[in-house]
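# Descriptive structure summary
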2 protein chains.
Amino acid sequence: MTTNDTMELRIREVAQQLFFRQGYASTSTTQIAHEAGCTQALVHYYYRTKENLFRQIFLEQVEAALNVIGRSLCDTDSFEGFIEGAIGIYFDALKANPRLPYFVLEELVSNPERRRYLRENFVKKPTYIMFYMQFDALVRREQQAGRLAHVEPFDILMSIASQTVFTFLVLPLYQDLLARTDEQVNEFIAHRKQEITRMVIQGLKP
Amino acid sequence: MTTNDTMELRIREVAQQLFFRQGYASTSTTQIAHEAGCTQALVHYYYRTKENLFRQIFLEQVEAALNVIGRSLCDTDSFEGFIEGAIGIYFDALKANPRLPYFVLEELVSNPERRRYLRENFVKKPTYIMFYMQFDALVRREQQAGRLAHVEPFDILMSIASQTVFTFLVLPLYQDLLARTDEQVNEFIAHRKQEITRMVIQGLKP
DNA sequence: AGTGTGTTTAATAGGGCTATTAAACAAGTC
DNA sequence: GACTTGTTTAATAGCCCTATTAAACACACT
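Computed from a predicted model, the values in this text were never measured in an experiment.

Calculation criteria
Residues numbered from 1 in each chain as written. Chains lettered and ligands numbered in written order. Predicted model: local features only at pLDDT ≥ 70, side-chain atom pairs only at ≥ 80, totals over all residues. Heavy atoms only, no water. Contact = heavy atoms within 4.5 Å. Buried area = accessible area lost by both parts, 1.4 Å probe. Salt bridge = Lys/Arg side-chain N within 4 Å of Asp/Glu carboxyl O. Polar contact = N/O pair within 3.5 Å; in protein donor to acceptor, adjacent residues only side chain to side chain. Helix = DSSP H or I, 4+ residues; strand = E, 2+ residues; numbered from the N terminus. Near = heavy atom within 4 Å. Nonpolar A, V, L, I, M, F, W, Y, C, P; charged D, E, K, R; others polar. Phe/Tyr/Trp six-rings, centres within 6.5 Å; stacked < 30°, edge-to-face > 60°. Buried < 20%, exposed > 50% of the residue type's maximum accessible area, 1.4 Å probe, protein only. Lys NZ or Arg CZ within 6 Å of the ring centre and 35° of its normal. Domains from an automatic or database assignment. Least-squares fit on C-alpha atoms with pLDDT ≥ 70 in both. Axes fitted to C-alpha atoms, helices over the stretch in contact; angles between N-to-C directions. Parallel < 35°, antiparallel > 145°, perpendicular 65-115°, else oblique.

## Digging into the interface of chain B and chain A
- Counting from both sides, the interface comprises 41 residues of chain B and, opposite them, 40 residues of chain A.
- Interface of chain B and chain A: buried area, both sides summed, is about 3900 Å²; carbon and sulfur atoms make up 65% of it.
- The interface formed by chain B and chain A includes 6 salt bridges.
- With a closest N to O distance of 2.5 Å, A:Asp176 and B:Arg115 form a salt bridge.
- In this structure, the connection of chain B to chain A is made through 15 residue pairs in polar contact (both at pLDDT 80 or more).
- Broken down by secondary-structure element, the contributors of at least two residues to the side of chain B that touches chain A are α6 (100-110), α7 (112-122), α9 (153-169), α10 (171-177) and α11 (182-203) of chain B.

## Looking at the protein's contact with DNA strand D
- For DNA strand D, the set of nearby residues contains 16 residues, the closest of which are A:Thr39, A:Tyr46, B:Thr29, B:Gln40 and B:His44.
- Sugar and phosphate atoms constitute 62% of the interface atoms of DNA strand D, taking the interface as everything within 4 Å of the protein.
- A:Thr39 is positioned such that a nitrogen or oxygen atom in its side chain is 2.6 Å from a phosphate oxygen of DNA strand D.
- For DNA strand D, a phosphate oxygen lies 3.2 Å from a polar atom in the side chain of B:Ser28.
- Mapped onto the surface near DNA strand D, the elements with two or more residues apiece are α3 (40-47) of chain A together with α2 (29-36) and α3 (40-47) of chain B.
- Sort the elements by how many residues they give to the surface near DNA strand D and α3(A) lands first, with 4 residues.
- Grouping the constituent residues of the surface near DNA strand D by class yields 7 nonpolar, 8 polar and 1 charged.

## As for the packing of aromatic side chains
- The tally for this structure, following the rule as stated, stands at 32 aromatic pairs over all chains.
- Summarising the aromatic geometry, the rings of A:Phe82 and A:Phe135 are spaced 5.6 Å apart at their centres and angled 45° between planes, so their arrangement reads as tilted. Note that A:Phe82 is positioned in helix α5 (residues 79-96) and A:Phe135 in helix α8 (residues 127-144), a separation of 53 residues in sequence.
- Since its relative accessible area comes to 2%, A:Phe82 is described here as buried.
- What makes A:Phe135 buried here is its relative accessible area of 0%.
- Chaining the aromatic ring pairs together yields one cluster made of A:Phe19, A:Phe20, A:Tyr24, A:Phe54, A:Phe58, A:Phe103 and A:Tyr117.
- Of note, B:Lys50 hangs over the ring of B:Tyr24, and the distance from its end group to the ring centre comes to 4.3 Å.

## Observations concerning the domain arrangement of chain A
Residues and elements named next belong to chain A.
- Domains assigned within chain A are domain 1 (1-48) and domain 2 (55-203).
- In this structure, domain 1 and domain 2 have C-alpha centres spaced 29 Å apart.
- Each partner contributes residues to the interface: domain 1 has 9 residues there, and domain 2 has 11 residues.
- Three residues, Arg12, Gln16 and Phe20, lead the burial of domain 1 against domain 2; their summed loss comes to 61% of the area buried on that side.
- Seen at the junction of domain 1 and domain 2, the total is 1 salt bridge.
- For glutamate 60, the salt bridge is made with arginine 12, and the minimal N-O distance between the two is 2.9 Å.
- Viewed at the interface, domain 2 and domain 1 are joined by 4 residue pairs in polar contact (both at pLDDT 80 or more).
- Element by element, the count of residues in the side of domain 1 that touches domain 2 is highest for helix α1 (residues 7-22), at 6 residues.
- Classifying every residue of the side of domain 1 that touches domain 2 gives 5 nonpolar, 2 polar and 2 charged.

## A few points about the relation of the copies chain B and chain A
- Rotating chain B by 180° about the axis while translating it 0.0 Å along that axis superimposes it on chain A, leaving an RMSD of 0.0 Å. One copy is carried onto the other by what is essentially a two-fold rotation axis. Taking the C-alpha atom as reference, chain B places B:Gly203 closest to the rotation axis, 1.8 Å from it.
- Interface overlap between copies is the fraction of interface residues in one copy that are interface residues in the other; for chain B against chain A it reaches 98%, indicating a shared surface.

## Comments concerning the environment of A:Ala65
Residue and element names in this part refer to chain A.
- Among the secondary structure elements, alanine 65 is positioned in helix α4 (residues 50-71).
- Assessed through its relative accessible area of 26%, alanine 65 is described here as partly exposed.
- Sequence-wise, alanine 65 and glutamine 16 are 49 residues apart; in three dimensions their C-alpha atoms are separated by 15 Å.

## Digging into the protein's contact with DNA strand C
- Around DNA strand C, the structure places 16 residues, and the nearest of them are A:Thr29, A:Gln40, A:His44, B:Thr39 and B:Tyr46.
- Here a phosphate oxygen of DNA strand C and a side-chain polar atom of B:Tyr46 are 2.9 Å apart.
- Tallying contributions element by element places α3(B) first for the surface near DNA strand C, with 4 residues.

## Things to note about the packing of α1(A) against α3(A)
Residue and element names in this part refer to chain A.
- Interhelical geometry of α1 versus α3 gives an angle of 100° and a closest axis separation of 10 Å. On the basis of the axis angle, α1 is roughly perpendicular to α3. Together, Met7, Glu8, Leu9, Ile11 and Arg12 of α1 and Leu42, Val43, Tyr46 and Tyr47 of α3 make up the contact between the two elements.
- Along the lines of polarity and charge, the residues of the contact of α1 with α3 split into 7 nonpolar, no polar and 2 charged.

In structure tokens, the structure reads:
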């Protein structure tokens, strides 16, 4: 599990797992230390405060998520190709990190302080502004060519984000309440990817 | 704010607000008591434990949510009419209670114990089984008449739920990060209701 | 006036949490 | 061997939390 064996990184990895699983409020530095195999004082020695340790992990994850979004604009020849490619990239990224959406959402919703992190660290970043401009251009081009219904680009993004993110948000419920095996969960994810792609493309026909 | 002025109910109302806003872990009985205007011992006098107080509120809210779903099957003459009616009912209910989806999701995802509540209290309930059977029949009827693409009923529900619920999950982010007024938020909600309805109907055309 | 019942508070036990501090430890350098 | 520097632990201060207990309070009934 531990890739780097220095205690400093080990603590961060363990902390990330625990924050992902339980959220900030329900995770204690004592627990982090215990699972990392050191004393709780060491956690504070390396990261000073729990909030500090959390912020590093949180911002790193948000950054990673934004990079995925940036990478999803690779194929802009045809609109259908783009939709298919983008949803594919999102699903691959989320499958590798299924807890990410819940983690980010939880902290952003339940703590206004965390939203300040975002504003201060990512509003300046041109990545997602460029993304939005490029996406906007693509949509309007297709609409003028009559190949796309006249829907606001923002609504298209909402539709994709809703359905993609929601799939992973409810994954623990799906698995637990419907008593699904890991394999069945994987099939479910693959199936949803196809269906969402189909729904979005069909839903945007003029 | 307080409809009934007995302290017992007052505590429950305050507790509900705080649980909705902060979640279980970040809300203390001390804080509940303080906002209700009594001592913390009184909270325990009426509800014995914090978990107990929480469970009452949680199950009540889940019950209310399931009732909304049950009510949404009123108009089954045309499929389009049903979609429009159902999404309308969901949006009305959620607008009156915008924190509900996040509250239920958070507790269900972060605490397996809460999922046991559901299994024990609602698996027996025939409400949503009846709902699913009736919905399934409606979908298959429309598909055989060639008016609907051959999509699994479950995927249709996922699509509706994703987009409806997601709208309210990200509402605090939308309002805060994009600096929207309450009025703009209301417009956003109304706009999303229309768009989701359109997308779902269009996305299910054969 | 006295009794009983339900409500509310003050006080507290007992525990966990964050953060700090001083001291022990390890390992390299002069 | 003494010194430095970075790592780790033990101990603890100070806080807040949950839950309990005993006592005060209010009010109806007789």
